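So you can see what is in the structure, the chains are spelled out below.
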Amino acid sequence: MFRSLANAVRFLSIHEVGVANGGHLGMALGMADCLTVLFRNFLRFCPEDPRWPNRDRLVFSGGHGSPALYALLHLSGYEKMTLDELKRFRQLGSLTGGHPEYNLDCGIEVSTGLLGQGFANAVGMAIEERLLNARFGDECINHYIYVCAGDGDLMEGITHEASAIAGHLALGHLIVLFDDNDVTIDGKVSVSTSEDTLKRYESYGWQVLSVDGHSEDDIHRAIAAAQLDPRPSLLACKTQIGFGTPRAGTPKAHAGALSSQEIEETKKNLQWPYGPFEIPEYVAKIWQAIGLRHRESYEKWMKTQAEKFGSQKFEYTEHLKKTLRSLKKEYFVSRPFAATRTNSQDVLSRLTAETNLVISGSCDLGSSTGCWAKNMTPLEKTDFSGNYIHYGVREQAMGAIMNGIGAGRKIIAVGGTFLAFSDYMRADVRMAALMNIPSIFVFSHDSIGVGEDGPTHQPVEQISALRSIPNLNVFRPADAQETVECWECALASSNPSAIILTRQNVLSARFSGKENLCEHGAYLLYEDNMDLYERVTLIASGSEVGIALDVKKMLNDNNVSANVVSIPCWRLFDKQPENYKRQVLGNDLRIGIEASNGFGWEKYLGADGLFFGVNNFGKSAPCADVYEYFGLTAHKIYRQVLEKIN
């Protein structure tokens, strides 16, 4: 009977790939036995309520195994995962993409495909489970996170980083089913790897078990043992890639549809006499019963815990709004001369004092980025009641873990590092944007203003790169008030945000305090009403807004009228009505000022506009000297603007 249940998964996968004439079968066929044991005996879920907060999570970090995931969700009764959807595998508009795409209503916990990302997301989910457990208790939140991962996942550097964190925090509810088949696309694993992967995981502080991945009893024993161990567990499931097919055990089994002859041979090998997408009634009924296994525990949870927990998720409430508006009012009065990273630290300090559903963290740069505040308490392996994560020097894992924490839509994850290091996290930020998970990435030390640390630490192209990611709000506030407003926008958004902050102190630029002007993306900071023939519009972001204000004064002294526009968030500005954008930008000569490479500025400046930025890597020198070297000073900009006008 067990073999028939697993073969149902295998042959649905075979025919999904067949009708699409493309896809990946190796993991789907090789791991079908392990996954069948997991669903039949362990995984706690409710197909009728895919968002049940206390469900177990299953993450296919090897997203190429998606045909098996879709087959399992369909067989176990997820309403939206119909047979027709399986037949539309990899087609436009289907729920069954070539790699799983984040859709909690269908049972897909995160988007996966970039190897290692799903693994690190699962570490975040395991942290979220312990965070919520510490806040609401065992009766309310107490579930497991399972991962299906392959050799490629475990080779990626992000998995090393995330695994070390999981071991350090003793995430005992994290169980990884490792598809240990010794095959990669280029050949045997040995062509590129000589390490002992299992000993590596033991060194992280994991429980490691070797498993016969095609033995029901052995798989069952291993998962049961993993549930009882206080450490995260790696179950090395020795499997055969493409199990049952003529390609089994070879790199050719990884991808590609089987020919009709190969399908017939596979049916003979696995004793499966049924047609495409045909599941015998007795097998279908058992799978349906598997989907109903936890209905009683689900109903009990709904009766005893749903009311207590149901509304427990981060919301930017009126109380929190008042908290930040109060800080903004303080800034309006005090007009601090401070780095925006310091202002951001003030925001986080106020937030975490009012809610335990904002979790901060950084890559060994808590004070430097402003992500650590005195009222924060770090997580420890024996105590998850805190609100700060020490990620160590592990940027890539931090971003993906943040996404895993935020995937459940209960907690807002904040994490910080230097902007120059954001490249380590680019895949994480992109995945947050793709899934629309509202992670908040804090990137300080935002420009050549870093100064003496030199070009390795001075971002030039990073702001432009982040702005190019769809669905990502990139904020670069000019002063203390704008920093609060950008945080308000980020907290209210369903999109992820990157908040770009200075190392150096900046003057307060704003004199108006009540309205959140940053939510428009850009606004007229100073509108010049001087009735002069020559007019320009100076547009700047972040620390360069101060330079723009100085240029304005010089131009005014030379009988040139100048408006100053602060543009903290391009994406929000681009979404404004056309008449608002015309009002802000004006019809006169436009001047852009930003300590970046200027990529994309032409859409605001037009063909005749001027841009003042950084056209090469930075220099190691005091901040003021570097700005002078690149011509980013008020006097040099003023002279070139006058030349342009004349």
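Our structure's up above, just so we're on the same page.
The paragraphs below set out a description of the structure included in this document. Because the structure is a prediction, the values reported are computed rather than measured.

## Things to note about the overall build of the protein
Helix and strand counts for the protein come out as 27 helices and 18 strands. Expected size for 646 residues packed as a compact globule is a radius of gyration near 26 Å; at 28 Å, the protein falls within 12% of this value. Projecting the C-alpha coordinates of the protein onto the three principal axes gives extents of approximately 90 × 50 × 45 Å. For the protein, the proportion of its 646 residues judged to be buried stands at 62%. When the 63 positive and 76 negative side-chain charges of the protein are each reduced to one mean point, those points stand 3 Å apart.

## Describing the pattern of salt bridges
Opposite charge on two side chains permits pairing when their charged atoms draw close. Under the definition given, this model contains 29 salt bridges. The salt bridge partner of Arg476 is Asp446, with a shortest N-O separation of 2.9 Å. With Arg476 in the loop between strand E12 (473–475) and helix H21 (480–492) and Asp446 in the loop between strand E11 (440–444) and helix H20 (462–467), this pair connects stretches of sequence that are 30 residues apart. Across the pair, Asp446 and Arg476 agree in class, each one buried. In this structure, the salt-bridge partner of Lys636 is Glu628, at a minimum N-O distance of 3.3 Å. On the accessibility criterion, Lys636 (30% relative accessible area) is partly exposed. Glu628 gets classed as partly exposed once you look at its relative accessible area, which sits at 39%.

## Comments concerning the packing of helix H1 (residues 2–20) against helix H4 (residues 66–75)
With their axes 8 Å apart at the nearest point, H1 and H4 run at an angle of 120 degrees to one another. In terms of orientation, H1 and H4 fall into the oblique class. The two elements H1 and H4 meet at a crossing, and its hand is right-handed. Across the interface between the two elements, Ala8, Val9, Leu12, Ser13, Glu16 and Val17 of H1 pack against Pro67, Ala68, Tyr70, Ala71, Leu72, His74 and Leu75 of H4. A class-by-class count of the residues in the contact of H1 with H4 yields 10 nonpolar, two polar and one charged.

Rules used throughout
- Residues numbered from 1 in each chain as written.
- Predicted model: local features only at pLDDT ≥ 70, side-chain atom pairs only at ≥ 80, totals over all residues.
- Heavy atoms only, no water.
- Helix = DSSP H or I, 4+ residues; strand = E, 2+ residues; numbered from the N terminus.
- Rg over C-alpha atoms; globule rule 2.2 N^0.38 Å.
- Buried < 20%, exposed > 50% of the residue type's maximum accessible area, 1.4 Å probe, protein only.
- Lys, Arg positive; Asp, Glu negative; His and termini not counted.
- Charge placed at Lys NZ, Arg CZ, Asp CG, Glu CD.
- Salt bridge = Lys/Arg side-chain N within 4 Å of Asp/Glu carboxyl O.
- Axes fitted to C-alpha atoms, helices over the stretch in contact; angles between N-to-C directions.
- Parallel < 35°, antiparallel > 145°, perpendicular 65-115°, else oblique.
- Left-handed = near helix turned anticlockwise from the far one by under 90°.
- Contact = heavy atoms within 4.5 Å.
- Nonpolar A, V, L, I, M, F, W, Y, C, P; charged D, E, K, R; others polar.

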